[in-house]
Amino acid sequence: QVQLVESGGGLVQAGGSLRLSCAASGRTASDYYMGWVRQAPGKEREIVAAIARSGATTYYRDSVKGRFTISRDNAKNTVYLQMNSLKPEDTAVYYCAAGLTTIVNYDYWGQGTQVTVSS
């Protein structure tokens, strides 16, 4: 199995940027599809972005297209989420997730990192 640790969250003003990182340990990260999932207070978890094992295929939810970029460095066992033009509605706990079957199904989760965007 794989262990996931997120970092890079924080407080930022609207229009600002943050870069989240997810360090994977245990089984080789390149074996997994990886994704970022967020959960805002009182709302269900939603997949923000996902990336295939090779990095050749990515997925973004409509509300973040053009603003967020997911990438991975398999040599470093790390996945990134670059978030630009942040909006208050992006405020949530962001979780890194890993799965073995498809780009949007996950078996392992990190502990989450808080992202707060002030207006």
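Scroll up to find the structure this text is about.
All values reported here derive from a predicted model rather than from experimental measurement. (Residues numbered from 1 in each chain as written. Predicted model: local features only at pLDDT ≥ 70, side-chain atom pairs only at ≥ 80, totals over all residues. Heavy atoms only, no water.)

Draft legend 1. The state of the cysteines, seen in detail. Here the structure, examined in full by the defined rule, presents one disulfide. Paired through a disulfide, Cys22 and Cys96 show a sulfur-sulfur distance of 2.0 Å. The sign of the S-S torsion, about -80°, decides the handedness of the disulfide formed by Cys22 and Cys96: left-handed. Here the residue Cys22 occupies a position in strand β3 (residues 18–26), and Cys96 occupies one in strand β9 (residues 92–99), the gap between them amounting to 74 residues. (Disulfide = S-S within 2.5 Å. Helix = DSSP H or I, 4+ residues; strand = E, 2+ residues; numbered from the N terminus.)

Draft legend 2. Looking closely at the pattern of salt bridges. One pass over the structure, following the stated rule, counts five salt bridges. In this structure, Arg61 engages Glu46 in a salt bridge whose closest nitrogen and oxygen atoms are separated by 3.5 Å. A residue pair is termed long-range when its members are at least 10 positions apart, and Arg61 in the loop between β6 (58–60) and β7 (68–73) and Glu46 in strand β5 (residues 46–51) qualify at 15 residues. The exposure class assigned to Arg61 is partly exposed, which follows from its relative accessible area of 23%. Connected through shared salt-bridge partners, Arg38, Glu46, Arg61, Arg67 and Asp90 make up one network. (Salt bridge = Lys/Arg side-chain N within 4 Å of Asp/Glu carboxyl O. Buried < 20%, exposed > 50% of the residue type's maximum accessible area, 1.4 Å probe, protein only.)

Draft legend 3. View of the environment of Gln1. Along the chain, Gln1 turns up in the segment before β1 (2–7). Of the residues examined, Gln1 reaches a relative accessible area of 62% and is grouped as exposed. The sequence separation of Gln1 and Asp62 amounts to 61 residues, and the corresponding C-alpha distance is 31 Å. Those residues in contact with Gln1, other than ones at most four positions away along the chain, are Ser25, Gly26, Arg27, Tyr32 and Tyr108. (Contact = heavy atoms within 4.5 Å.)

Draft legend 4. Representation of the nonpolar core within the structure. Ranked by internal contacts, the top residues of the largest apolar core, which has 29 residues, are Met34, Trp36, Leu81, Met83 and Tyr94. Only β1, β3, β4 (33–39), β5, β7, β8 (78–83), β9 and β11 (113–118) provide two or more residues apiece to this core. In this view, Met83 contacts Gly16, Ser17, Leu18, Leu20, Arg67, Phe68, Tyr94 and Val115; residues no more than four positions away in its chain are not counted. In terms of nonpolar packing, the next biggest core, distinct from the first, is built from eight residues, Tyr33, Val37, Ala50 and Tyr106 among them. (Core = buried A, V, L, I, M, F, W, Y, C linked by side-chain atoms within 4.5 Å.)

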